[in-house]
There are 2 protein chains.
Amino acid sequence: MQKPSNARGTRDFGPKEMAKRNYVFDIIKKHFVEFGFQAIETPSIENLNTLTGKYGEEGDQLLFKILNSGNYLKDISPEDLVAGSKKTLPKLAEKGLRYDLTVPFARYVSMNRNELAFPFRRYQIQPVWRADRPQKGRYREFYQCDADIIGSDSLVNEAELIALFQSIFSSLRLKTNLLINSRKVLMGMVDSLGLQNQFVDFAVALDKLDKVGWDAVNQELIDKGFSIDQCESIKSMISFSGMNQEKIEYLAVYFKNSEIGQQGLKEIQTVLNLSETNGFSNDNLIFEITLARGLSYYTGLIYEGKAQDVPFGSIVGGGRYDDLTSSFGLPNMSGVGISFGIERILDVMETLGLFPALNASGSQILFTYFSAEGQRQAFTYCNVLRKEGIKAEVYPDVTKIKKSFEFADKKEIPFVAVIGDEELKNNQISLKDMKNGDQQLISISRLIQLIKA
Amino acid sequence: MQKPSNARGTRDFGPKEMAKRNYVFDIIKKHFVEFGFQAIETPSIENLNTLTGKYGEEGDQLLFKILNSGNYLKDISPEDLVAGSKKTLPKLAEKGLRYDLTVPFARYVSMNRNELAFPFRRYQIQPVWRADRPQKGRYREFYQCDADIIGSDSLVNEAELIALFQSIFSSLRLKTNLLINSRKVLMGMVDSLGLQNQFVDFAVALDKLDKVGWDAVNQELIDKGFSIDQCESIKSMISFSGMNQEKIEYLAVYFKNSEIGQQGLKEIQTVLNLSETNGFSNDNLIFEITLARGLSYYTGLIYEGKAQDVPFGSIVGGGRYDDLTSSFGLPNMSGVGISFGIERILDVMETLGLFPALNASGSQILFTYFSAEGQRQAFTYCNVLRKEGIKAEVYPDVTKIKKSFEFADKKEIPFVAVIGDEELKNNQISLKDMKNGDQQLISISRLIQLIKA
């Protein structure tokens, strides 16, 4: 006998968790569809050469690799053991588990370029796997939930995704802020200081601002060769506070000689204007100059969604990319994507008590009885109810009535129908309301009316 | 640049396939819920000690194993290379991918025995992975779709699953036969010949009858030590044809001295009687004496569903098991399960043309325009429509009208709304019906009425 356990960093979802998860998934899906996004699914298993090199060195290490089938050791020599894991990997494993939904999407678009109508709006909700060290709130298997519009560089797409963001969280009744910025604005900052070649150093340092504070970022920039004056300029750019419009005007002065910076501001302006027509305002759509987003494939607008009432970090991320599919042989495919951090959204909803009362039990009514004939009648009635769309189940055994009531209680089934000898004779059902204990003798047709009401 | 491809034996599902898959999944889910089944999900990754030894030697070989993280070669010695893959496996891989939904379900039930209300009705729809040689219609990653009632040995549960089977295929408009038998009937056959110790040999041979015919089965039995007379008796038992009731009476004569055989027939009788009250008849619920089902964990009733109009093999399988959870430390948990072969059901539906017209496009209407102002208006209107539950999208660029019409055509979007200068001035929309080419000038409120109609 073995003591059963889950693999480290993985979870089971029981009926109650599933009800909550499906509540959120269903709302997100509904809005994806409303916005014309089409569902796709890609396989969990990808060739390693599709995955490796796409997520940086750290990402490569976090890929789950699948051992080749058959005698996987046959090509391994004693020298390989000395050479180490990295060199030997191709002989042991050719496949890996999906690390995110973006790279498989890029592969899919490249492979199906001739069938798809561009701009292609796709959504995808599937699990991904990362060999991270498990810790509270971080799992090795978790769902991602992405929507992208690829094959168009129009800024209306950014506005569409922002409107989508707004619709979803409005339906979930979760108050959020959406922070937006542009990679081009960040480029404008270094550009305006004559440091255009050090954009990556700058973005990497700035990305940590939230966690480490300005002094540490300042030190990192100095270490990378920024002068004290340049750091001061950056500090004044990023620490300016004001309304969106004021920030744009403030930066415009710095960006007098930076074309890319001006372009970034113009794009922010366009997206803000479009979003305003849709009811977004400074209150919840914030031009956040310090927002950097780690992922290197972003090239234009970037954004990050946060819950207003809890300090949970970001629950949504995304941005514009220009070159996602070129590593799969399809260059010049600009796109913009949004990713809903579904696991964290569920945590926030739980913390804020935003879930409505959800019936995880399935059944609305349980049938119980005292004889084989009662069982037969219960089974028949149950199937009549189901044809009416009522969720029903038969208690499987002739048992003490108390036991079936306890079962209904534990499973939170609101009604129990008892079929005894008298009920059988009169074609009736003794119906008990489990909430208030009320009991009444009624016919099957009356029962249907009552439960449907 | 790399030529992108799917890993061998895996598939992408584009919007059109997804629409078909979701059509079938949604119907199955609806009926699962109607019958009081509760959703659970288990992780894709399980500890290998949960999986190995559960599917026979062949199954163990077909498990996808996941390479340990970090320097996975560090514990491998040159001697290990000589010892071979099997012995070295525990040092290289501790986790594997789910092979079916039954073993993870058993693990889940064992781990959550104190929280669950028994009998527990669960359903689970998730992918599984098998390192099979890929071939037409057989994939390495595919969905399974299971419903089980565990924690009760009542035969009403068998009848419930048969009623579930009937409801689902009736909704899918797919004509099916359900073949039922009992392991106990099969045991009765060998028992009645004094061969009770050779049940496994008998079941293994009989399981192949469909594929290899009686002569080969006969030879296999002879090889296993059955006498010619005994084989003749078996032949006459399994080749009897008649109505369900006649078969029961015919076998009862053979089973005069076999308690287990009599019990099997009684169980078949009970389930047939219950199912009759629910409209099942000899026409589509068939007592099939030769049905054996390969899996060794079945102990009572077994069944197999087939499509009537195509020779596609079984599309549903299942049966009663008594001891699924004991290897996880929870003995005496009788249960009964049904598994819908979702990938094959999809193939059958496709072959028989049973899918209704499905709108995979998402959007019901596409907005197009000729200016920045038109774009703004289009974006605003789109969001108004979405709030009415209408699926809408904005064509992202100012473009030639022809191009956006071609896009709508390719994506099968039924309506295009054009917003030109005149329309802007008059707060109107020029609506084109893509099916018949009709065009009309209307207001947004009229448009909403029209599309909702």
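Novice: Explain the sheet that holds strand β12 (residues 365-369) of chain A here, please?
Specialist: Strands belonging to one sheet form pairs held by backbone hydrogen bonds; the direction of such a pair is parallel or antiparallel. All names here are of chain A. Spatially, β13-β12-β14-β15-β16 is the arrangement adopted by the 5 strands of the open sheet, whose pairing is mixed. The two strands at the open ends of the sheet, each matched to only one other strand, are β13 (392-394) and β16 (439-442). Each neighbouring strand pair of the sheet contributes to a mean axis angle of 25°, computed without reference to strand direction. Against the sheet, helix α16 (residues 372-387) makes contact with β12, β13, β14 (415-419) and β15 (429-433), and its axis sits at roughly 165° relative to β13, the strand it touches most.

Novice: Looking at this model, I keep getting lost on the interface of chain A and chain B. Mind explaining?
Specialist: Interfaces are often sized by the amount of accessible area the parts lose when they come together. Residue-level contacts link 110 residues of chain A with 110 residues of chain B. Taken together, both faces of the contact between chain A and chain B bury some 9,000 Å²; the carbon and sulfur share is 58%. For the pair chain A and chain B, the interface holds 6 salt bridges. Along the contact surface separating chain A from chain B lie 30 residue pairs in polar contact (both at pLDDT 80 or more). Examining the composition of the side of chain A that touches chain B, we find that 7 residues originate from one element, α16 of chain A, more than from any other. Tallied by class, the residues present in the side of chain A that touches chain B amount to 48 nonpolar, 38 polar and 24 charged.

Novice: Help me understand the sheet that holds strand β6 (residues 141-150) of chain A, please; the structure alone is not making it clear to me.
Specialist: Residue and element names in this part refer to chain A. Reading across from one edge, β1-β5-β6-β11-β10-β9-β7-β8 is the order of the 8 strands in this open sheet, with mixed pairing throughout. Sheet topology places β1 (38-39) and β8 (285-287) at the edges, where each strand pairs with a single neighbour. Examined bridge by bridge, β1 and strand β5 (residues 120-129) share 2 bridges and lie parallel to one another. Considered in β5, the bridge of Ala39 is made with Tyr123. Helix-sheet contacts for helix α6 (residues 102-111) involve β5, β6 and β10 (314-321), and the interaxial angle to β5 is about 135°.

Novice: Looking at this structure, how should I read the packing of helix α7 (residues 156-171) of chain A against helix α14 (residues 259-277) of chain A?
Specialist: To describe two helices that pack against each other, one gives the angle between their axes and the distance between the axes. Residue and element names in this part refer to chain A. Interaxial distance between α7 and α14 falls to 9 Å at its minimum, and their mutual angle equals 45°. On the basis of the axis angle, α7 is oblique to α14. Viewed along their axes, α7 and α14 form a crossing whose handedness is right-handed. The segment α7 lies against α14, with Val156, Glu158, Ala159 and Ile162 engaging Val271, Leu274 and Ser275.

Novice: Is there a simple way to think about the relation of the copies chain A and chain B in this case?
Specialist: Two chain copies, one operation linking them: a rotation about an axis together with a shift along it. By a simple turn and slide, chain A fits onto chain B: the slide is 0.0 Å along the axis, the RMSD is 0.1 Å, and the turn is 180°. Expressed as a symmetry operation, the mapping of one chain copy onto the other fits a two-fold axis. Relative to the rotation axis, the C-alpha of Ile66 of chain A is the closest in chain A, positioned 2.2 Å from it. Of the residues that chain A buries at the interface, 100% are likewise interface residues in chain B, meaning the two copies contact each other through the same surface.

Novice: Hey, could you run me through the environment of Met111 of chain A in this one?
Specialist: Along the chain, Met111 of chain A falls in helix α6. Since its relative accessible area comes to 32%, Met111 of chain A is described here as partly exposed. For the pair Met111 of chain A and Leu330 of chain A, spaced 219 residues apart in sequence, the C-alpha separation works out to 9.0 Å. Not counting chain neighbours up to four residues away, the residues in contact with Met111 of chain A comprise Pro4, Ser5 and Asn6 of chain B.

Novice: Teacher, can you tell me more about unusual backbone geometry here?
Specialist: Peptide bonds are mostly trans, and most non-glycine residues show a negative phi. Residue and element names in this part refer to chain A. With an omega of -5°, the peptide bond between Phe118 and Pro119 qualifies as cis. Along the chain, Pro119 turns up in the loop between α6 and β5. Of note, Asn332 is a non-glycine position whose phi angle comes to about 60°, a positive value. Within the secondary structure, Asn332 is located in the loop between β10 and β11 (335-340). Overall, Asn332 belongs to the exposed group, its relative accessible area being 72%.

Novice: Can you walk me through the pairing of β11 of chain A in this structure?
Specialist: In the case of a regular strand, side chains alternate between the two sheet surfaces. All names here are of chain A. Taken across its 6 residues, β11 has 5 buried, putting it largely inside the fold. As judged from the 5 bridges shared by β6 and β11, these two strands associate in the antiparallel manner. What sits directly across from Asp148, in β11, is Gly337. Bridging between β10 and β11 involves 6 bridges; their strand directions are antiparallel. If you follow Gly317 over to β11, its bridge partner there is Ser339.

Novice: So what exactly am I meant to see when it comes to the confidence of the model for chain A here?
Specialist: Interpretation of the predicted coordinates at a detailed level should be avoided for regions scoring low in pLDDT. A residue-level look at chain A finds 98% of positions with pLDDT of 70 or above and a mean pLDDT of 92. Reported for the predicted complex are a pTM of 0.93 and an ipTM of 0.92.

Novice: Any chance you could explain the pairing of β6 of chain A here in plain terms?
Specialist: Residue and element names in this part refer to chain A. Counting buried positions along β6 yields 10 of 10 residues, so the element is predominantly enclosed. The two faces of β6 match: Glu141, Tyr143, Cys145, Ala147 and Ile149 on one face and Phe142, Gln144, Asp146, Asp148 and Ile150 on the other face are all buried. Sheet topology note: the β5/β6 ladder contains 10 bridges and is antiparallel. Looking across to β6, one finds that Val128 is bridged to Phe142.

Novice: Would you mind showing me how to read α6 of chain A here?
Specialist: An α-helix turns once every 3.6 residues. As a result, residues three or four positions apart point the same way. Of all 10 residues making up α6 of chain A, 9 are buried, and the element is well covered by its neighbours. Buried within α6 of chain A we find Thr102, Val103, Pro104, Phe105, Ala106, Arg107, Tyr108, Val109 and Ser110 of chain A.

Novice: Looking at this structure, I do not really get the pattern of salt bridges. What am I missing?
Specialist: Opposite charge on two side chains lets them pair, provided their charged atoms get close. Within this structure, the stated rule accounts for 42 salt bridges over all chains. For Glu350 of chain A, the salt bridge goes to Lys20 of chain A, with nearest N and O atoms at 2.9 Å. Remark: Lys20 of chain A occurs in helix α1 (residues 15-34) and Glu350 of chain A occurs in helix α15 (residues 342-351); sequence separation between them is 330 residues. Residue class for Lys20 of chain A comes out partly exposed when judged on its relative accessible area of 26%. Residues joined in a network through salt bridges with shared partners are Arg121 and Glu160 of chain A together with Arg386, Glu393 and Lys411 of chain B.

Novice: Please explain the packing of aromatic side chains as it appears in this structure.
Specialist: Aromatic ring pairs are defined here through the distance separating the ring centres and the angle between the ring planes. Residue and element names in this part refer to chain A. Overall, the coordinates contain 32 aromatic pairs over all chains when judged by the stated rule. With a centroid separation of 4.2 Å and 40° between ring planes, the pair formed by Tyr55 and Tyr99 is classed as tilted. One end of the pair, Tyr55, is in the loop between α2 (48-51) and α3 (56-62); the other, Tyr99, is in the loop between β4 (93-97) and α6, with 44 residues separating them in the sequence. Classification of Tyr99 by relative accessible area gives buried; the value is 9%. A centroid spacing of 4.0 Å and a plane angle of 5° characterise the contact between Phe240 and Tyr250, whose relative ring orientation is stacked. Note that Phe240 is positioned in the loop between α12 (228-239) and α13 (244-254) and Tyr250 in helix α13, a separation of 10 residues in sequence. Residue Tyr250 is classed as partly exposed on the basis of its relative accessible area of 23%. The structure contains a cluster of three or more aromatic residues connected by ring pairs, namely Phe32, Phe37, Tyr123, Phe165, Phe169 and Phe340.

Novice: How do you make sense of α7 of chain A when you look at a structure like this?
Specialist: Residues and elements named next belong to chain A. For α7, spanning 16 residues, the distance from its first C-alpha to its last is 22 Å, which sits close to the expected 22 Å at 1.5 Å a residue. Burial runs high along α7: 14 of the 16 residues are buried. Immediately beyond the C-terminal end of α7, within one or two residues, lies Arg173, with a positive phi of roughly 60°.

Novice: What exactly am I supposed to notice about the environment of Gly14 of chain A here?
Specialist: By the secondary structure assignment, Gly14 of chain A is in the segment before α1. Gly14 of chain A sits in the buried class, given a relative accessible area of 5%. Separated by 346 residues in the primary sequence, Gly14 of chain A and Ala360 of chain A place their C-alpha atoms 9.4 Å from one another. For Gly14 of chain A, the contacting residues outside a window of four places in its chain are Ala39, Ile40 and Tyr108 of chain B.

Parameters and conventions
Residues numbered from 1 in each chain as written. Chains lettered and ligands numbered in written order. Predicted model: local features only at pLDDT ≥ 70, side-chain atom pairs only at ≥ 80, totals over all residues. Heavy atoms only, no water. Pairing = 2+ DSSP bridges. Helix = DSSP H or I, 4+ residues; strand = E, 2+ residues; numbered from the N terminus. Axes fitted to C-alpha atoms, helices over the stretch in contact; angles between N-to-C directions. Contact = heavy atoms within 4.5 Å. Buried area = accessible area lost by both parts, 1.4 Å probe. Salt bridge = Lys/Arg side-chain N within 4 Å of Asp/Glu carboxyl O. Polar contact = N/O pair within 3.5 Å; in protein donor to acceptor, adjacent residues only side chain to side chain. Nonpolar A, V, L, I, M, F, W, Y, C, P; charged D, E, K, R; others polar. Parallel < 35°, antiparallel > 145°, perpendicular 65-115°, else oblique. Left-handed = near helix turned anticlockwise from the far one by under 90°. Least-squares fit on C-alpha atoms with pLDDT ≥ 70 in both. Buried < 20%, exposed > 50% of the residue type's maximum accessible area, 1.4 Å probe, protein only. pLDDT = per-residue confidence, 0-100. Phe/Tyr/Trp six-rings, centres within 6.5 Å; stacked < 30°, edge-to-face > 60°. Expected span 1.5 Å × (residues − 1).

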